[in-house]
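# Analysis of the macromolecular model
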Amino acid sequence: MRIISLQAENIKRLVAVSIEPDGNIVEITGKNGAGKTSVLDAIYWALAGKDGVQSTPIRKGEDQAIIKLDLGDLKVTRKFKASEDGGYATSIAVESADGARFPSPQSMLDALVGSLSFDPLGFVRLKPADQLQTLKQFVTGVDFAAIEKANKADFDDRTILNRKAKEAHAQADAEPTPGPKLTAADVSELIAQLESAGQVATEIERRKAGRARASDSIASHQSEGRSLSARVAALHAQIKNFKNEAAQLTEQMIEELRLAGVLEKKLLAVEPLPEMPDTSAIKDRIEEAHKHNAAVAEQAAAQERVRAARETAAAAEKAAKDLTKKMEDRKASVAKAISDAALPVPGIVFDDGAVLLDGLPFDQASDAQQLRASIAIAAAMNPKLRVIRVRDGSLLDKDSMTLLAEFAQASDMQVWIETVQSGRHGAIVIEDGMVVA
């Protein structure tokens, strides 16, 4: 589908033009301000919708304007009417070749017009990221947004895992370097020795207490004997009255003294007590053994912490490696899809970082290569409406113009191009808003 005829009245600088293009290159030429750009804008406004229309589409001094575009299978009519507030109202109608009107004309036209339809050099001027997005449209079966989202999630998870592994390694490295492996001391023998010494000490204390009690008993008997002796002396003074009592007491005194002598003799005859055992050395050794065993336990705990930290680091590193593999697999599948895709330009490839043309970054390709690629992409994005528009065509050199004409002929594209001066046969000359030649 291409433009069969264009009629425009009171559009910007145009008074009234009627153009029936012939050939693949439709060159609109004339002096600056003559209305050339208005011709190209009329095509754009007729098809691209109200959002693409400038704030003042109606020729100064007029209150209405109209664009009629015959596309063969479709006829498009867009009207503009000035409003009292200085703005305008617009309407559009689209008819089929047999005169039937479409109920949603703009929606139908939007399906025909690609994003680069009216600016084939637009791809060149896009930022690299936007160029990538444009080319992704030609790769079917790949959800780039979903892949990018999954890769970002995996990248973030991998960053966390790598940080976790690094922290675990640091935790393990922070543990003090263990010396020779320690063996726990056996304190059971020492404790047995301490218990034996305690039993000996208890027995000695018991025997010492018995002897003390015997000494106390001797002293008691001796004291009692002396008391009785005093009483005997007193009783002798009263012998007459207390003779019988004195005799009894004398016998009792003798017996008490005898018992004291017996006990004293026994006490003097017993063997001397052994010296008290010294348990301080055993206690010191037990304390040292407990400290040693605490060091053994701490060494084992430190080794366990190192093992656990290393295990955590290894698990995190493996998980990070698995995520890397997933991202690499996605990248490989995308690369294969891109490789298998029918891209509109031979030699053009792209990945997640750049667009390459014949092995070089796109912006390093020659002007001719960039022009050829951009036009081919615009044509591929606009398969139904075979019309593209080139503004500022005067900036194209002779080789570029030749290249553009060859491409238009080879791809059956109708290229409307604006130039300031042209000696090309068939160029349409605009002067004062009208076609003069």
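Once that is clear, we can look at the overall build of the protein chain. For the protein chain, the count of helices and strands is 10 helices and 13 strands. For a compact globule of 437 residues, the expected C-alpha radius of gyration is about 22 Å, and the protein chain comes in at 58 Å, more than 25% above that figure. Counting only contacts in the protein chain whose residues sit at least 6 apart along the sequence, the fraction spanning at least 24 positions is 70%. Accessible area for the protein chain stands at about 26100 Å²; split by element, carbon and sulfur atoms hold 53% of it.

Another point: the packing of aromatic side chains. In total, this model carries 2 aromatic pairs according to the counting rule given. Ring geometry for F80 versus Y88: centroids 5.8 Å apart, planes at 65°, classification edge-to-face. Given a relative accessible area of 1%, F80 falls into the buried group. Through successive ring pairs, a cluster of aromatic residues spans W45, F80 and Y88.

Let us now look at the sheet that holds strand 13 (residues 434-435). Here 5 strands make up an open sheet; going across it, the order is 10-11-3-12-13 and the pairing mixed. Each of the sheet's edge strands pairs with one partner strand only, and the pair in question is strand 10 (387-390) and strand 13. Docked against the sheet, helix 1 (residues 36-48) engages strand 3 (25-29), strand 10, strand 11 (414-419) and strand 12 (428-431), running at close to 150° with respect to strand 11. Strand contacts of helix 10 (residues 398-411): strand 3, strand 10 and strand 11, with the helix running at about 160° to strand 11, the strand carrying the most contacts.

Another aspect to go through is the nonpolar core. Ranked by internal contacts, the top residues of the largest apolar core, which has 40 residues, are L135, V139, I348, F350, I377, L404 and V415. Among the elements that take part in this core, helix 9 (residues 367-380) stands out by supplying 7 residues, more than any other. With residues near it in sequence (within four places) discarded, V415 still touches N24, I25, V26, I388, V390, L404 and A408. Within the second largest apolar cluster, 36 residues are counted, among which are L40, I67, L69 and L112.

We now examine the pairing of strand 1 (residues 5-9). Bridge count for strand 1 against strand 4 (residues 64-70) is 5 bridges, and the pairing is antiparallel. Bridge pairing links E9 to I66 in strand 4. When strand 1 meets strand 2 (residues 16-19), the two strands line up antiparallel, connected through 4 bridges. The residue of strand 2 that forms the bridge with A8 is V17. As consecutive antiparallel partners, strand 1 and strand 2 are separated by 6 residues, and within that stretch N10 has a phi angle of approximately 60°, a positive value.

Quick look at the environment of R226 now. Checked against the element boundaries, R226 lands in helix 6 (residues 188-237). For R226, a relative accessible area of 54% corresponds to the exposed category.

In this sheet, strand 6 (residues 88-96) lies alongside strand 5 (residues 74-82) in antiparallel orientation, the contact comprising 9 bridges. Across the sheet, residue R78 finds its bridge partner in strand 6, namely I92. Between the antiparallel neighbours strand 5 and strand 6 lie 5 residues, among them G86 with a positive phi of about 95°.

Position of T29 relative to the elements: it lies in strand 3. Of the residues examined, T29 reaches a relative accessible area of 4% and is grouped as buried. Polar side-chain contacts of T29 include one of 3.1 Å to the side chain of T419. Setting aside residues up to four positions removed in sequence, T29 forms contacts with K36, T419, V420, Q421, S422, A427, I428, V429 and I430.

This next bit is on the packing of helix 6 against helix 8 (residues 280-340). As a packed pair, helix 6 and helix 8 sit with axes 10 Å apart at the nearest point and diverge in direction by 155°. By the angle between their directions, the pair helix 6 and helix 8 is classed as roughly antiparallel. Seen from above, helix 6 lies across helix 8 with left-handed handedness. Side by side, helix 6 and helix 8 meet where L190, I191, Q193 and L194 of the first sit next to I282, K283, R285 and I286 of the second. Looking at side-chain class alone, the contact of helix 6 with helix 8 contains 5 nonpolar, 1 polar and 2 charged residues.

With respect to topology, 5 strands assemble into an open sheet ordered 2-1-4-5-6, the strand pairing being antiparallel. The two strands at the open ends of the sheet, each matched to only one other strand, are strand 2 and strand 6. With strand direction ignored, the average angle separating the axes of adjacent strands in the sheet is 5°. Its contacts with the sheet place helix 1 against strand 1, strand 2, strand 4, strand 5 and strand 6, and it is angled at close to 80° to strand 4.

Negative phi characterises most residues that are not glycine, and trans characterises most peptide bonds. Its identity is not glycine, yet N10 carries a phi of approximately 60°, on the positive side. Examined against the element boundaries, N10 turns out to sit in the loop between strand 1 and strand 2. Assessed through its relative accessible area of 15%, N10 is described here as buried. Phi is positive for D358, which is not a glycine, with a value near 55°.

Further remarks concern the packing of helix 5 (residues 144-174) against helix 8. With their axes 8 Å apart at the nearest point, helix 5 and helix 8 run at an angle of 160° to one another. Of the possible angle classes, the one that applies to helix 5 and helix 8 is roughly antiparallel. Crossing hand, helix 5 versus helix 8: left-handed. When its residues are assigned to classes, the contact of helix 5 with helix 8 shows 18 nonpolar, 6 polar and 9 charged.

Definitions and limits used
Residues numbered from 1 in each chain as written. Predicted model: local features only at pLDDT ≥ 70, side-chain atom pairs only at ≥ 80, totals over all residues. Heavy atoms only, no water. Helix = DSSP H or I, 4+ residues; strand = E, 2+ residues; numbered from the N terminus. Rg over C-alpha atoms; globule rule 2.2 N^0.38 Å. Contact = heavy atoms within 4.5 Å. Areas by Shrake-Rupley, 256 points an atom, 1.4 Å probe, with all protein chains shown as cover. Phe/Tyr/Trp six-rings, centres within 6.5 Å; stacked < 30°, edge-to-face > 60°. Buried < 20%, exposed > 50% of the residue type's maximum accessible area, 1.4 Å probe, protein only. Pairing = 2+ DSSP bridges. Axes fitted to C-alpha atoms, helices over the stretch in contact; angles between N-to-C directions. Core = buried A, V, L, I, M, F, W, Y, C linked by side-chain atoms within 4.5 Å. Polar contact = N/O pair within 3.5 Å; in protein donor to acceptor, adjacent residues only side chain to side chain. Parallel < 35°, antiparallel > 145°, perpendicular 65-115°, else oblique. Left-handed = near helix turned anticlockwise from the far one by under 90°. Nonpolar A, V, L, I, M, F, W, Y, C, P; charged D, E, K, R; others polar.

By themselves, these observations are geometric and do not establish any function.
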